[in-house]
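Descriptive analysis of the structure
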Amino acid sequence: MVLRIVRNGCRNLPRSGRRSFSSNPLNSNGTGDITNVPLSQPIPGLPPPRFTSVKASKNETQVTVLDNGLTVATENVFGQFCTVGVLINSGSRYEVAYPSGISHFLEKIAFGSTTQFTDKDQILQELEKHGGICDCQSSRDTLIYAMSAETRGLQAVVNILSEVINRPTITAQELEDAKMAVGFHIQGMELDPNPEPILMEMIHQAAFRGNTLGLPHRCPPENIDKIEKNILYTYMKNFHTPERMVLAGVGMDHEQMVELAKEHFVKKHKPIWLEQENLIDTKMSVDNSLAQYTGGKVLMEKDLSNVSLGPTPMPELAHIVIGLESCSHKDDDFISFCVLNMMMGGGGSFSAGGPGKGMYTRLYLNVLNRFHWIHNATCYNHAYDDSGLFCIHASSHPDQLSDLVEVIVRELLNTTSFVDKTELQRAKTQLQSMLLMNLESRPVIFEDVGRQVLTSGHRKQPEYFYDLIGKVTPQDIQRVAERMLTSKLSLSALGSLANLPDYENIQNTLLGKNGKRSRFSFLGL
Amino acid sequence: MAARVFKIVASRPTKLLLQPFKTGTRLARCQSAKAATYESTIENLPETRVTTLDNGVRVATEDSGIPTCTVGLWIDAGSRFETAKNNGTAHFLEHMAFKGTKKRSQTDLELEVENMGAHLNAYTSREQTVYYAKSFSKDVNKAMDILSDILQNSTLGEQEIESSLLSYKTSEQEIIILRNSTLGEQEIERERGVILREMQEVDTNLQEVVFDHLHAVAYQGTPLGRTILGPTENIMTINRNDLLEYIGNHYKGPRIVLAGAGGVDHDELVKHAQQYFGNLGAGYEGKIPTLETCRFTGSEVRVRDDTMPLAHIAIAVEGCGWTNPDNIALMVANTLIGSWDRSFGAGANMASQLASQSASMNLCHSFQSFNTCYTDTGLWGMYFVCERDQVEFMMTAVQREWMRLCRRKISPVELERAKRLLKTNMLLQLDGSTPACEDIGRQMLCYGRRIPFSEIEARIDAVDTRVLKSVCTKYLYDKCPAIAAVGPVEALPIYSRLRSEMYSLQV
C-alpha cells in the first residue's frame, strides 16, 4: 500500500487543461471518443497488436549484377521499414576537369523535377504516401541518394530513385534555388563557431594537392555562378553510369528488388542525357586517376577573436591539423590504423558525456589532462579507395601555437614506441563496440552495404571486422606508425598564425632530422 | 570494406543521413513500434514487456536480439521538484554520479566502463533524471552493476557519510541505499567548477539561452521557471546534505523505471533488477513530496544586443500535459507548421507553407515548431532565427499561420500530409537501441505504459480538420503568448500588438 500512497502523493494534483471525459465537445460527428482518451489509457475497443518475436536471423548480403552493369545489393533485416538508395562513384574527387562544386550542386538539386514528376513537392507527396523520407549526400568519393519508407512502398521508391538519378529535368528555377542553397551552406560554414568542416577541407587540400581527394569538397564561392545546366548534365552522363552505381537496400526481399531494378533502371527509358544530346558538352571526360598523396600546407590567417554568435564570449582559438598518409581501406594495414586512431582518441577539454567517450585515450591522458591550455585534440583517420589520411586536430590560444605543435608532434612520434597491452585492448574493444553500435541503425547498415559493394563487389559482415580487430598486436600498431611517419607532412592551420612554427621545421622533427628524434626535448619533458 | 563504418566512427561525417526532419528539438517525442493499418495490427517490432518489482521499480524492455544494448534508469525527478533555495541539486547530483562509489573509485569506474567498450551517460531535465549505459549485450550484467552502484552508492563525501546519513535517516532502507555513496566534499568542491564551466557552454548555445528565458517568463514564480543548472549562488553553495536529501526524497522505487532495448532478455533483466534494485526504498517516512502546479503567464522578455548578428526568438502558448489527449492534435499542428533551415533550400519541407514562404521571401535563417510537455502543462510554439530587419515580418508570418490553424480551415490534403509526416518522424526516430530505450523510459514515466504504435496511429488518424481546428482554437486563439527574444530585436513589435495578433476578425 505504500506504493499507492507514493504514486498518489506526487501525482494526484489538480491538472489544468485536463478535459473531463464525459462531456465531449469535439466529437459530435461520431468519430468516437479517441480524441478524448488520455494517453495513459488504451483506446477502448482497439484490438491489441500482435508483436513479432525477435532473435535476428543470420544476415547475409545478396548481390546481383544486371545486364547494363548496375549492381543490386540487399540485406533483409528485421522491421517494416526499408532503406533503399543508390550509391555512385561520384563526388568532388572526380571533378578535376570540371568546375569544383558540381557534387555540392547535385546534392542540393536532388529530388527535384524529373520527366515524370513536375517538382520536388510531387516526389515528396508520392513518398509520403508510403511514410517515406529522402536525402542526398555527397562525400569526396561517393554520392548517395537514399530513402526510407514502408516496405510495401518499395516499387514507388525504386521508381523515384530511377527518375531522380537518370531523368532529372533541371529547371532554371531549381538551378537558381540550388545556387542560393549552396551559397547559404558555405556562409553557414563560415559563421559556424565549429571550424571542423573547414579544417578537414583544408587538410585534404594540403595532403592531396591539386588532385582527386584534395579537390574542394564544398563549392568554392567563386564557382557558384559558373555551374550551369549543361555542365551538370555532362558530369552526370560521364559519372552516373550503371557500372559506377549500386542500388542498395536494407529490409526487403532480394528477388523483388532485382525485378524492380530491371524494370526501372534497365527497361524503362534511357537517361535524359542520352535522349536529348543537346544537354551535354562532349569535350569533358571521366577522370579515373588515383589519389596522389603529396603533403604540403594550407594555411588561413583569420581573425577568430570574436566567433561567438551570442553575448557570451568564447575564448579565441587557433587551430592546427597535422596529417600524415595512412592507407586505403583495402590495405592490410587498414584495421591497424583504425585501432591506432581509437587509441589516440581525444576530444574537447570540455565535453559532455560520461565514461566511455575515450577518457583514457592518449590524447586525453598525455595532452588534454596535462596541458590545460589546450582546448581540443582529436584524432581522425580518413580512409578512401586508394589512399588515406591520418590526422590530429588541435586548438589553443594563438600565442601558444608553437607549444601546441610540439605537443602534438611528440604524440605522433610516440606512436612508434611502446604500446601498452591494456591500452591496446581497450582501443580494440572500443572499436569493436563502436562498429556494432553504429550498425544498430538501419541507415548505417544501408550505407555500409552500399559502400562495401560499390568498392569490392560484396559485403563482409561486421563479425569479420570484429575478428580482425581482435587480432591486432602491439607490433602492428608500431609498424603502421612507422609507415605513416615516413610520409610527408600535411599541415593546415586556421586563426592568428603568427606563432605557427615553420613547415620545414615540423617536417624535419617528424622525420627525426632535428637531432635524434628530439621527441623528449619538448617542453623539457 | 567496412571502411565506411569505421569512417563514420572516426570522423562522424555521414551520420545525418536519413534522419527525419526534427519537429523542434523539444517536441514531445512520442512513440514506439509500427503497424500496418487498423484492425489486425501486426507490430513489426518486439513487444515491450513490463514487470513491476515489489518495491515499485518497473522494468520495461524491448528485445531485438542484436549484440549491443542500452539499459538505463528513468527517474521521475528533475529540477521541477526543487525549491528556489536548492535549485540545481538534481543536476549537481547527476554530475556527482560519476565521481566514484564505495566500491569503485572514480578512476576504477571510468576504466571499467572504457575497457568494456561501453558508454555511461546521464542527463537531467525539468521533470526527469536519467542514467543509462550502452554496452555489448553480453556485458549487460556489468552495466547493471555499475548503474546500480552509481545510483545507490555514490560517495558524495566519503568520511562524513555515516553521520550525515544518520542525520538524514528516514528508514532502514535509506541506509542500505546510501551505504556505499561517498559523495565526497572534495569532489563536490571540484565539481562546482565543472558545472560553472558547463553553464558557460550552455550560454554559448543561443537556443538553450532562449528556451531558458522562455521558461523563466512563461512559468515565472514557479519551479518550472527555474533553470536546470540553477543559479551560480546555488552551484557555489549546494552541499552534501542537499544531495542526500534530494536522493532521499526522490529516488524511490515507484518513481524509477528500468528500461532496456537492443539485445536484452527481459527475464534476465528482471532478475538483475531484483538483485541490484530490490533493496531500494518505496515509501516515505516524512512528508511526501508533491508536485506544485506551475501557472503559465503570458508575458515577454527581451534581451536586446545589437552586436549580435541574428535575432533568436521563441513564442509559445500554454500547451498541455503529457497524458492529455489534445497532445496528439497539437503535435499534428506542430508538424503542419514544420521546421526549416535556409541551407536546405527552397524545395525542402514543401509540406510546410511557412517553409515555402520563408524560402521565397527570405524571412528567416531557420525555424522550428516545438511542443514541450510536462506533467500538467506544456509549451507549444515556435523558435526562429532571423536577420534584424526581418523580425517583424517573420513574427507576423508565424502568427498568421497560427490563426490559419484556428480560423480558416486547413485543407484535408495539407492535414493528411502533416499526419503522415508525424507518423513517419515518430517511427524513424526509434533507430537504434538508445533512442528505443529512451522512448520506453520516457513513456513509462509519462504514460505509465508504452503505447503500441498501432494506437498512436489510430489516434493520429482520428485528428480530422474539425478536431484540429477545435484543439488549436482552444490552446491558441485569443491566448496570451509568452515571448523570449535575444539579439538585435529592436524591430519586434510591442507585446500588446503581438497579443492582438492572437485573434483574427476574419473567420
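Residues numbered from 1 in each chain as written. Chains lettered and ligands numbered in written order. Predicted model: local features only at pLDDT ≥ 70, side-chain atom pairs only at ≥ 80, totals over all residues.

Regarding the overall build of chain A
Within chain A, the regular secondary structure consists of 17 helices and 13 strands. Going through the 525 residues of chain A one by one, you find that 49% of them count as buried. A separation threshold of at least 6 residues defines the contact pool for chain A, and within that pool the share at least 24 residues apart is 77%. (Helix = DSSP H or I, 4+ residues; strand = E, 2+ residues; numbered from the N terminus. Buried ≥ 20, exposed ≤ 12 C-beta atoms within 10 Å, placed from the backbone. Contact = placed C-beta atoms within 7 Å.)

Regarding the overall build of chain B
On a plain count of helices and strands, chain B comes out with 19 helices and 15 strands. In chain B, buried positions account for 63% of the 507 residues. Put simply, of all contacts in chain B between residues at least 6 apart along the chain, 81% involve residues at least 24 apart.

Focus on the nonpolar core
With 282 residues, the main nonpolar core has Ile322(A), Val339(A), Ile408(A), Leu147(B), Val332(B) and Leu468(B) as its most contacted residues. At nine residues, the largest contribution of residues to this core is made by helix 10 (residues 334-344) of chain A. Sequence-distant contacts of Leu147(B), defined by excluding residues within four places in its chain, comprise Val71(B), Leu73(B), Tyr131(B) and Ala133(B). (Core = buried A, V, L, I, M, F, W, Y, C linked by C-beta atoms within 7 Å.)

Notes on helix 12 (residues 326-337) of chain B
All names here are of chain B. For helix 12, built from 12 residues, the straight-helix expectation of 16 Å at 1.5 Å per residue is met to within 8% by its first-to-last C-alpha distance of 17 Å. Most of helix 12 is tucked away, with 12 of its 12 residues classed as buried. Taken together, the buried positions of helix 12 are occupied by Asp-326, Asn-327, Ile-328, Ala-329, Leu-330, Met-331, Val-332, Ala-333, Asn-334, Thr-335, Leu-336 and Ile-337. The positive-phi residue at the C-terminal boundary of helix 12 is Gly-338, with phi of around 80 degrees. (Expected span 1.5 Å × (residues − 1).)

Some remarks on the sheet that holds strand 12 (residues 339-341) of chain B
Residue and element names in this part refer to chain B. Taken in spatial order, the six strands make up an open sheet running 10-15-11-14-13-12, and their pairing is mixed. Taken across any chain shown, the strands that pair with only one partner, and hence form the sheet edges, are strand 10 (300-304) and strand 12. Across the sheet, the axes of successive neighbouring strands diverge by a mean angle of 15 degrees, strand direction being ignored. Judged from the eight bridges that link them, strand 11 (residues 311-318) and strand 14 (residues 378-386) form a sheet pairing that is antiparallel. Bridge pairing in strand 14 places Ala-316 opposite Gly-381. Contacting strand 13 (366-373) and strand 14, helix 12 runs over the sheet at an angle of about 175 degrees to strand 13. (Pairing = 2+ DSSP bridges. Axes fitted to C-alpha atoms, helices over the stretch in contact; angles between N-to-C directions.)

Concerning the domain arrangement of chain A
A common way to report how large an interface is uses the accessible area buried once the components associate. Residue and element names in this part refer to chain A. The domain architecture assigned to chain A consists of domain 1 (61-279) and domain 2 (296-524). Each of domain 1 and domain 2 was reduced to a C-alpha centroid, and the two centroids are 30 Å apart. Counting residues at the interface gives 34 residues for domain 1, matched by 34 residues for domain 2. Secondary structure elements with two or more residues in the side of domain 1 that touches domain 2: strand 2 (61-65), strand 3 (71-75), strand 4 (81-88), strand 6 (143-150), helix 6 (196-207) and strand 7 (245-250). Take the side of domain 1 that touches domain 2: its biggest share by element is nine residues, from helix 6. Here the residues of the side of domain 1 that touches domain 2 sort into 19 nonpolar, 11 polar and four charged. (Domains from an automatic or database assignment. Nonpolar A, V, L, I, M, F, W, Y, C, P; charged D, E, K, R; others polar.)

Notes on the domain arrangement of chain B
All names here are of chain B. By domain assignment, chain B separates into domain 1 (46-277) and domain 2 (300-500). In this structure, domain 1 and domain 2 have C-alpha centres spaced 31 Å apart. Of all elements in the fold, only strand 3 (58-63), strand 4 (68-75), strand 6 (129-136), helix 8 (206-218) and strand 9 (256-262) reach the threshold of two or more residues within the side of domain 1 that touches domain 2. Looking at which element gives the most residues to the side of domain 1 that touches domain 2, the answer is helix 8, with 10 residues.

Focus on the pairing of strand 14 of chain B
Side-chain positions along a regular strand alternate between the two faces of the sheet. Most of strand 14 of chain B sits out of view: nine of its nine residues are buried. In sequence, strand 13 of chain B turns back onto strand 14 of chain B through a hairpin of four residues.

Quick notes on the packing of helix 2 (residues 89-96) of chain B against helix 10 (residues 240-250) of chain B
All names here are of chain B. Direction vectors running N to C along helix 2 and helix 10 enclose 100 degrees, while the axes themselves pass 10 Å from each other. Judged by the inter-axis angle, helix 2 sits roughly perpendicular to helix 10. Seen from helix 2, the contacting residues are Thr-89, Ala-90, Phe-92, Leu-93 and Met-96; seen from helix 10, they are Asp-242, Leu-243, Tyr-246 and Ile-247. (Parallel < 35°, antiparallel > 145°, perpendicular 65-115°, else oblique.)

Some details on the sheet that holds strand 6 of chain B
Residue and element names in this part refer to chain B. Spatially, 2-3-9-4-6-5 is the arrangement adopted by the six strands of the open sheet, whose pairing is mixed. Since the sheet does not close on itself, it has two edges, and those belong to strand 2 (48-52) and strand 5 (119-124), each with one partner. The sheet shows a mean angle of 15 degrees between the axes of neighbouring strands, direction not considered. With seven bridges joining them, strand 4 and strand 9 adopt antiparallel strand pairing. Paired with Ile-75 across the bridge in strand 9 is Ile-256.

With respect to helix 17 (residues 503-510) of chain A
Residue and element names in this part refer to chain A. Of the positions making up helix 17, those classed as buried are Ile-506, Thr-509 and Leu-510. For helix 17, the angular spread of the buried residues around the axis is 100 degrees, confining them to a single face. For helix 17, the elements touching its buried residues are helix 12 (401-414), helix 16 (474-485) and strand 13 (490-495). One or two steps after helix 17, the chain reaches Gly-512, where phi turns positive at roughly 80 degrees. (Arc of directions from axis to C-beta.)

With respect to the packing of helix 15 (residues 412-428) of chain B against helix 17 (residues 453-461) of chain B
Residues and elements named next belong to chain B. At their nearest, the axes of helix 15 and helix 17 sit 10 Å apart, and the two run at 160 degrees to each other. Viewed along their axes, helix 15 and helix 17 adopt a mutual orientation that is roughly antiparallel. Along this stretch, helix 15 crosses helix 17, giving a crossing that reads as right-handed. Residues Lys-419, Leu-422, Lys-423 and Met-426 of helix 15 form the contact with helix 17, whose participating residues are Ile-456, Glu-457 and Ile-460. Across the contact of helix 15 with helix 17, the residue classes tally to four nonpolar, no polar and three charged. (Left-handed = near helix turned anticlockwise from the far one by under 90°.)

What about the confidence of the model for chain B?
Residue and element names in this part refer to chain B. Considering every residue of chain B, the mean pLDDT works out to 84; 84% of them sit at 70 or more. Scored below 50 in pLDDT, residues 159-181 shows 45 contacts in the model against residues more than four places distant or in partner chains. In the predicted assembly, ipTM is 0.86 and pTM is 0.87. (pLDDT = per-residue confidence, 0-100.)

Description of unusual backbone geometry
It is generally the case that most residues other than glycine have a negative phi and that most peptide bonds are trans. Residues and elements named next belong to chain A. Non-glycine residue Thr-212 carries a positive phi angle of around 25 degrees. As for its placement among the helices and strands, Thr-212 is situated in the loop between helix 6 and helix 7 (229-239). The exposure class assigned to Thr-212 is buried, which follows from the 26 C-beta atoms found within 10 Å.

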